[in-house]
Amino acid sequence: MTSESLIEVNNLSFSYDTRPILNGVNMRMQRGQVVAIMGGSGSGKTTLLRLISGAIQPTSGHVKFAGEVVHELSRDALFRLRRKMGMLFQFGALFTDLSVYDNVAFQMREHTNLPESMIRDLVLMKLHAVGLRGAHHLMPNELSGGMARRVALARSIALDPMLIMYDEPFTGLDPISLSVIGNLIRRLTDALGMTSIVVTHDVQESLKIVDYVYFIADGVIAAHGTPKEVRESVAPFVHQFVHGEEDGPVPFHYPAQSYEKDLELEDCRV
Amino acid sequence: MQRTTMDLWVGLFVMAGIAALMVLSLKVGNLNVYNPSQSYILTGNFENIGGLKVRAPVKSAGVVVGRVTDIQFSTQTYDAIVTMSMDSRFIFPKDTFASILTSGLLGEQYIGLAAGGDEDMLTDGDKIMKTNSAMVLEELIGRFLFDKAAEE
Amino acid sequence: MFRHALSAIQNIGHRVIEGMWRLGHASRFFILVLLKSGTSLRRFGLVIRELYFTGVLSLIIIVVSGLFVGMVLGLQGYETLQKYGSESAVGTLVALSLVRELGPVVAALLFASRAGSAITAEIGLMKATEQLAAMGMMAVDPVSRVVAPRFWSGVISMPLLAAIFSVMGVYGGYLVTVVFIGVDEGTYWSQMQSAVDFRFDILNGFIKSCFFGVAVTAIAVFEGYDAPPTAEGVSGATTRTVVSSSLVILGLDFILTAFMFRGVS
């Protein structure tokens, strides 16, 4: 069972109207792995996450999660499956009308009949894991960006999922928060024995923590390998991407993104 | 905000709303004056009802004792059959006189009941025999002019 | 020339099709909300929480406006009625205007701009900040968890607010005509009671406000849920909520009045 892949993506294609986004993607992810999916903007990374979570239907191909084909499930079965998944959104997506404590307790209250005293213990344990036990009484608007994302992380591990997907977890963070989040992803994945999929632009930070990397460009897997293989790769695309070179197979593509990030323009693009 | 404080406010709000509905029904409306569940029906034939409308009050000595519930035209007698729903607290003798009156010069029209002296009382479904039609302004003026012309 | 006319007609057609499509979309969403209301009934705490925001927080504007509308009605009604020597009918005028029309309609218009816009903005922002998507990912249906409780809180608070508005108006009229001008107190209440009928006036006014409550909150939750997830999208949706619910209230009021008070002066 452990050697079997938790997630299998087989020949997956998706088009938006007539515009193809993904074109025959294949992936394997084992339990306990942290897998990064990298690629330029609009290369279909987020679409891939939405396909894995069953939020949208693929045009062809399929995604298998723990042996079940995600998009063939009924609505109820899909919701049952999603209890085994967690997702960390780009800016955390905390419920702004609930306190930090209630945010983390949300899923426990919705999906279990645990007594409130046990929920309290669980919530404090989850918050302790992300180092924010002392902030349980705060409201989301009182948190910094990095703290909000840590709370969101605590919320997504509330029901001990088998898989957590991170949609650009490093966007808009200072270097300290950035490495805190990076290390948390690694540590929680190992401690809880789950699988993590990290969609990111941040090459250097993610190469430190991941087990395997997929590069997506123009809707196909352009390259994949372990961080070591990636760093030493001489394939022009990977080399350009990892080292952030201005010119290469993708002229001006990624550097433009980097500039935008430097100006923190991404924060405005809510 | 504390959960209990919120509950308290919502409780107060709902109570205020229900109290407002009660005030509307009892103080503003006529639910306490006239309860249709305890009523009996009377009818009366009027030669001319003028501007009488359904829901017009039925008054006796100025007090509302019922309401007009229906007005029909009879093809047998060629007059109007007015159905009244009467408050069952008020009963009237058989020879009660019903006339269509106007409150003020231009006010709404209502049915005025003047009690007679009969020992028998009107009961549910009875018909008031003694009726007086509405005064119609045109007829009054017409009669006035006719009388004037006759004098000369 | 011909080309212009053709394109103008095409434009009209396009708008009509667009509008019909949106209407159908909204109706489908409305039915979806009704079908997914089970959670709201099972966990009534969710509705109570929203009742605080839609009902309790709308109270101040409703109470103050009701009082002033009643005072103005009393003043104007007295001015006009005394010319015909029937100032005793001022209570009737105030009460009938409020109970039949102004109470439900003005309260609903205020409710749309106070609570309706807040509901739209809140749901729209939850969508824009991916809170609704996050909820979906946690296997919690946002329609039953977020939309339905807000919908029901609006449906419950609207008739209560309208009743409070009317009562405040009647007492506002009382304040001006009886306390300040000096109309006889007994006349004020007795004229009112003899003219206002429970079934025809109060019950119909109550039914009207129920209809308005459903319409306003249905529009508000739909606009919020349907808003483009951007700042402009949410602000546009909030404006649309106020504009379209105001128009729907007035249109619906005409239709309901025509049905309820037809043949009854």
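Before reading further, recall that the structure is shown in the block above.
Residues numbered from 1 in each chain as written. Chains lettered and ligands numbered in written order. Predicted model: local features only at pLDDT ≥ 70, side-chain atom pairs only at ≥ 80, totals over all residues. Heavy atoms only, no water.

**Description of the sheet that holds strand β6 (residues 85-88) of chain A**
Residues and elements named next belong to chain A. This is how the line gets drawn: When DSSP finds two or more bridges between two strands, those strands count as paired. Strands here mean DSSP runs of E at least two residues long; helices mean DSSP runs of H or I at least four residues long; both are numbered from the N terminus. For every element, the axis is a line fit to its C-alpha atoms; helices are fit only across the contacting stretch, and the angle between N-to-C directions ranges from 0 to 180 degrees. Any two residues whose heavy atoms approach within 4.5 Å at even a single point are treated as in contact.
Read across the sheet, six strands follow the order β6-β7-β8-β3-β9-β10 without closing on themselves; strand pairing throughout is mixed. Because the sheet does not close on itself, it has two edges, and the strands there are β6 and β10 (220-225). For this sheet the average axis-to-axis angle between neighbouring strands, irrespective of direction, equals 20°. Both strand β3 (residues 34-38) and strand β9 (residues 212-217) contribute to a ladder of four bridges, which runs parallel. Its bridge partner lying in β9, alanine 36 is registered against valine 213. This element, helix α6 (residues 175-192), spans β3, β7 (163-167) and β8 (195-200) of the sheet and lies at about 160° to β8.

**A word on the interface of chain C and chain B**
Convention followed: Put simply, buried area is the surface a 1.4 Å probe can reach on two separate parts but cannot reach once they are joined, added for both. Criterion for a salt bridge: a side-chain nitrogen of Lys or Arg within 4 Å of a carboxyl oxygen of Asp or Glu. Whenever a nitrogen or oxygen atom comes within 3.5 Å of another N or O atom, the pair is scored as a polar contact, on the condition that within protein one atom can donate a hydrogen and the other can accept it, and that pairs from neighbouring residues in sequence are kept only if both atoms are in side chains. Polarity classes work like this: nonpolar for Ala, Val, Leu, Ile, Met, Phe, Trp, Tyr, Cys and Pro, charged for Asp, Glu, Lys and Arg, and polar for all others, with Gly in that last group.
Of the residues lining the interface, 35 residues belong to chain C; the matching set on chain B comes to 27 residues. Together chain C and chain B conceal approximately 2,700 Å² of surface at their shared face, both sides included; 75% is due to carbon and sulfur atoms. Connecting chain C to chain B are zero salt bridges. The interface formed by chain C and chain B includes one residue pair in polar contact (both at pLDDT 80 or more). Broken down by secondary-structure element, the contributors of at least two residues to the side of chain C that touches chain B are α3 (44-54), α5 (90-128), α7 (142-181), α8 (185-195) and α9 (198-226) of chain C. Among the elements that take part in the side of chain C that touches chain B, α7 of chain C stands out by supplying nine residues, more than any other. When its residues are assigned to classes, the side of chain C that touches chain B shows 24 nonpolar, seven polar and four charged.

**Some thoughts on helix α10 (residues 231-260) of chain C**
Residue and element names in this part refer to chain C. Convention followed: What a helix is expected to span follows from its residue count: subtract one and scale by 1.5 Å. Exposure classes here rest on a 1.4 Å probe applied to the protein chains alone. A residue is buried below 20% of its type maximum, exposed above 50%, and partly exposed in between.
When the terminal C-alpha atoms of α10 are compared, their 42 Å separation across 30 residues agrees well with the 44 Å that a helix rising 1.5 Å per residue should span. Listed in full, the buried residues belonging to α10 are Gly233, Val234, Ala237, Thr238, Thr241, Ser245, Ser246, Ile249, Asp253, Leu256 and Met260. Looking at the packing, one finds that the buried side of α10 touches α5 and α9.

**A short note on the packing of aromatic side chains**
Quick reminder of the rule: For this analysis, a ring pair means two rings from Phe, Tyr or Trp (six-membered ring only for Trp) whose centres lie within 6.5 Å, classed as stacked if their planes differ by under 30 degrees, edge-to-face if by over 60, and tilted for the remaining angles. Distance and angle both matter: a charge sits over a ring if NZ of Lys or CZ of Arg is within 6 Å of the ring centre and within 35 degrees of the ring normal.
Under the counting rule described, the total for this entry stands at 13 aromatic pairs over all chains. Ring geometry for phenylalanine 29 of chain C against tyrosine 225 of chain C: centres 4.9 Å apart, planes inclined by 25°, an arrangement best described as stacked. Of this pair, phenylalanine 29 of chain C sits in helix α1 (residues 2-35) while tyrosine 225 of chain C sits in helix α9, and the two are 196 residues apart along the sequence. Taking the centre distance of 6.2 Å and the plane angle of 65° together, the rings of tyrosine 171 of chain C and tyrosine 174 of chain C count as edge-to-face. Linking tyrosine 171 of chain C with tyrosine 174 of chain C, this pair stays in helix α7, spanning three residues, or about one helical turn. Ring pairing ties together the aromatic residues Tyr171, Tyr174, Tyr188 and Trp189 of chain C, which thus form one cluster. Across from the ring centre of phenylalanine 95 of chain A, 4.6 Å away, lies the NZ or CZ of arginine 155 of chain A, which sits over that ring. Across the ring face of tyrosine 110 of chain B, the terminal group of lysine 59 of chain B is positioned such that the distance to the ring centre comes to 4.7 Å.

**Considerations on the interface of chain C and chain A**
Counting residues at the interface gives 20 residues for chain C, matched by 21 residues for chain A. Taken together, the two surfaces of chain C and chain A that pack against each other cover about 1,800 Å², and 59% of this comes from carbon and sulfur. Counting the contacts that link chain C with chain A gives four salt bridges. Note that glutamate 110 of chain A is salt-bridged to arginine 145 of chain C, the shortest N-O span being 2.4 Å. In this assembly, chain C and chain A are joined by eight residue pairs in polar contact (both at pLDDT 80 or more). Looking at the side of chain C that touches chain A, the element that brings in the most residues is helix α6 (residues 131-137) of chain C, giving six residues.

Limitation: the analysis is restricted to geometry and does not speak to function.
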